[in-house]
Amino acid sequence: MLLKQRQIESFEQNGYLVLDDFVSHNECEKLRIRASEIVNDYDYNQPITIFTTNEQTRHSDLFFLESGDKIRCFFEEEAFDENGKLKQSKDLSINKIGHAMHDLDPVFESFARSEALEAVAQDVGFEDPRILQSMYIFKQPKIGGEVSFHQDATFLYTEPVTVKGFWFALEDASQENGCMWVIPGGHRNNLKSRFYRNKKGNGTEIEILDDSQWETSKMVPLEVNAGTMVILHGLLPHMSYANRSSLTRQAF
Ligand code: FE2
């Protein structure tokens, strides 16, 4: 057991848990360097996919749909000017890398499959944990897009809902550079929507299950330092605003 009983109770009550200093600064740097290598090696002439969760819509072309077992780079929505040229250098234009670094990249795999994370997974109730998806999120300076309120179980759905997010700040996250916000206790509400591949198989659709409003009056910012781990219940509503600062806000 790695977590204390009071931390497990706090997670159950609030739907999230902040663990300061979970990842060493050395290890944060290792992951940041590896991510920048992946972006540098990324063949720019591949089809370009822009990533957004705003308004619960996403560019849902095959490049995105077929990325579940690959390592692919997705551009920020605001990366390009009206002439289709990048406004910032490529390394400052990628929204995220996804979605199978935990299986395909040795650096991310050894991080994701550590004994410490196995212990945390057990502590938050997993009996047979599987890592289904990994993302490296850049939240780029000036153009890092907003991610609107959502529940991760919308996208990684099981019955019953079991998905949990393990989120790692690799740089300091503040309101200035677009930190995450959560609605404490919001995981006790229903799943509000489900994300499906459409019947044709070439795109996606959202089924609304509960059209009530998010309880935004209760939202709180998670301003955390590099090295912090945040555990997110699959039903916990969370979001982040756009990053208009000159700082990145990288997270795995
Ligand atoms: Fe999420």
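One can find the structure itself at the top, above this paragraph.
These numbers were taken from a predicted model, which means no experiment stands behind them. (Residues numbered from 1 in each chain as written. Predicted model: local features only at pLDDT ≥ 70, side-chain atom pairs only at ≥ 80, totals over all residues. Heavy atoms only, no water.)

Q: Give me the lowdown on the coordination of the iron ion, citing residues and values where you can.
A: Only H150 (NE2), D152 (OD) and H238 (NE2) from the protein coordinate the iron ion, and they sit 2.2 Å from it. Look at where the donors of the iron ion fall in the sequence and you get H-x1-D-x85-H. Taken together, the residues H150 in strand 5 (residues 147-150) and H238 in strand 12 (residues 238-240) connect sequence positions 88 residues apart. Residue H150 is classed as buried on the basis of its relative accessible area of 9%. Take H238: its relative accessible area is 5%, and that puts it in the buried class. (Donors = N, O, S within 2.8 Å, 3.2 Å for Na, K, Ca; no water. Helix = DSSP H or I, 4+ residues; strand = E, 2+ residues; numbered from the N terminus. Buried < 20%, exposed > 50% of the residue type's maximum accessible area, 1.4 Å probe, protein only.)

Q: Provide a residue-level description of the nonpolar core, including the pertinent values.
A: The biggest cluster of nonpolar side chains holds 37 residues, and the ones touching the most others in it are L3, I97, F108, Y136, F168, I231 and F252. In terms of residue count, the dominant contributor to this core is helix 2 (residues 25-41) (5 residues). Leaving out residues up to four positions away in the same chain, I97 has contacts with A35, I38, V39, I71, R72, C73, S134, M135, Y136 and F138. Membership of the second largest hydrophobic core comes to 18 residues, among which are I183, L222, L232 and L236. (Core = buried A, V, L, I, M, F, W, Y, C linked by side-chain atoms within 4.5 Å. Contact = heavy atoms within 4.5 Å.)

Q: How would you explain the pattern of salt bridges if you had to name every residue and give the values?
A: Summed over the entire model, instances satisfying the criterion amount to 8 salt bridges. Put simply, R130 and D128 hold a salt bridge, and the shortest N to O gap is 2.7 Å. With respect to class, R130 is no different from D128; both count as exposed. Residues joined by salt bridges that share partners form a network here, namely R34, E37 and D105. (Salt bridge = Lys/Arg side-chain N within 4 Å of Asp/Glu carboxyl O.)

Q: How would you sum up the environment of D41? Please name residues and give values.
A: Among the secondary structure elements, D41 is positioned in helix 2. D41 sits in the exposed class, given a relative accessible area of 63%. Taking the C-alpha atoms as reference, D41 lies 21 Å from P141; in sequence the two are 100 residues apart.

Q: Describe the sheet that holds strand 4 (residues 134-137), and please don't skip the residues or the numbers.
A: As summarised here, the arrangement of the 3 strands in space is 2-3-4, forming an open sheet in which the pairing is antiparallel. Two strands lie at the open edges of the sheet, namely strand 2 (71-75) and strand 4, each paired on one side alone. Looking at each pair of strands side by side, their axes are set apart by 20° on average, direction ignored. In this sheet, strand 3 (residues 94-99) lies alongside strand 2 in antiparallel orientation, the contact comprising 5 bridges. Counted as the bridge partner of C73 is I97 from strand 3. Against the sheet, helix 2 engages strand 2, strand 3 and strand 4, with an angle of about 95° to strand 3. (Pairing = 2+ DSSP bridges. Axes fitted to C-alpha atoms, helices over the stretch in contact; angles between N-to-C directions.)

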